[in-house]
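Structure at a glance
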Amino acid sequence: MTDFEQLIGALVGAEVEFLVVGGLAATVHGSARLTQDVDVVYARSEANIARLVAALRPHKPYLRGAPAGLPFEWSTATVQRGLNFTLTTRVGDIDVLGEIVGGGPYEALAKHTIEVDLFGHACRCLDLPTLIATKRAAGRPRDLEAVAELEALQEESV
Amino acid sequence: MTSDRAESDPVIEAFKKDIDRTLLRENLRRSVAERLANLVALQELAEEARRAGKRVVREP
């Protein structure tokens, strides 16, 4: 089970530049769907990658779904070499994304965010129209129902 | 990337017919903190259901 509060608290506590996307962002906008992980887009600067690594290190990140025992090391070098990481930790699952389809990197997405209070922390969260646009762009069949719900939320909010 | 409202997609429109809008309206009346609390409660319920399912499988 994912401890949303711990994961968000860890990122905010380490002053990581990130924004919330995915199912947790959908919940912020009123979605009734259950999400099981935290999805964030992080800034790719060297300093921010160091903060991201430090924030999650105590929670022992490992590649989600990968066999145990791989020589995976959660380090700045690993994050610099890669981009998007689907992780499991001691406090639950988190996807840390350098960019997302249809939205790009942190800097492009940051212009399309709202500030919200998440578990007592001020965080940036993707706005509803952009969340819909990125989910549509991803084009995954499993997202179709989520997009329909988000569009319904947008209609109900008018 | 655009964040303007997209054109309607017939597949998405078909999915929309099954959306429970009363639930969404209820959620929209809630604060973000209340929505997050609901998510956590729902997650705990799902976890408990999973545990119960495992117990049933182990103890036929």
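The model shown is predicted, which means the values in this text are computed figures rather than measured ones.

1. Some words on the nonpolar core
All names here are of chain A. If you look at the biggest cluster of nonpolar residues, it comprises 51 residues, and the most contacted ones within it are Leu19, Val20, Val21, Ala25, Val40, Val41 and Leu52. It is helix α7 (residues 144-157) that provides the largest number of residues to this core, a total of six residues. For leucine 52, the contacting residues outside a window of four places in its chain are Val16, Tyr42, Val79 and Val96.

2. Thoughts on the environment of arginine 55 of chain B
Residue and element names in this part refer to chain B. Its location among the elements puts arginine 55 in helix α3 (residues 32-58). On the neighbour-count criterion, arginine 55 (9 C-beta atoms within 10 Å) is exposed. In sequence terms arginine 55 and alanine 37 are 18 residues apart; their C-alpha atoms lie 27 Å from each other.

3. Structural notes on the packing of helix α6 (residues 128-138) of chain A against α7 of chain A
All names here are of chain A. With their axes 10 Å apart at the nearest point, α6 and α7 run at an angle of 155° to one another. Judged by the inter-axis angle, α6 sits roughly antiparallel to α7. Considering how the two elements wind past one another, α6 and α7 form a crossing that is left-handed. Note on element contacts: α7 touches α6 through Ala146, Val147, Leu150, Glu151, Leu153 and Gln154, opposite Leu128, Pro129, Leu131, Ile132, Lys135 and Arg136.

4. Quick word on the interface of chain A and chain B
Reports of interface size often rely on the accessible area that becomes lost once the parts have come together. Each partner contributes residues to the interface: chain A has 33 residues there, and chain B has 27 residues. Elements supplying a minimum of two residues to the side of chain A that touches chain B: α2 (22-28), β8 (113-118), α6 and α7 of chain A. No other element matches the 10 residues that α7 of chain A contributes to the side of chain A that touches chain B.

5. A look at the environment of aspartate 127 of chain A
Take aspartate 127 of chain A: it is sitting in the loop between β9 (121-126) and α6. Along the sequence, aspartate 127 of chain A and alanine 26 of chain A sit 101 residues apart, while their C-alpha atoms lie 9.2 Å from each other.

6. So, α3 of chain B
Taking 1.5 Å of rise per residue, 27 residues should cover 39 Å, and α3 of chain B covers 39 Å from first to last C-alpha, within 8% of that figure. Summarising burial for α3 of chain B: two of the 27 residues are buried, a small minority.

The rules behind these values
- Residues numbered from 1 in each chain as written.
- Chains lettered and ligands numbered in written order.
- Predicted model: local features only at pLDDT ≥ 70, side-chain atom pairs only at ≥ 80, totals over all residues.
- Core = buried A, V, L, I, M, F, W, Y, C linked by C-beta atoms within 7 Å.
- Buried ≥ 20, exposed ≤ 12 C-beta atoms within 10 Å, placed from the backbone.
- Helix = DSSP H or I, 4+ residues; strand = E, 2+ residues; numbered from the N terminus.
- Contact = placed C-beta atoms within 7 Å.
- Axes fitted to C-alpha atoms, helices over the stretch in contact; angles between N-to-C directions.
- Parallel < 35°, antiparallel > 145°, perpendicular 65-115°, else oblique.
- Left-handed = near helix turned anticlockwise from the far one by under 90°.
- Expected span 1.5 Å × (residues − 1).

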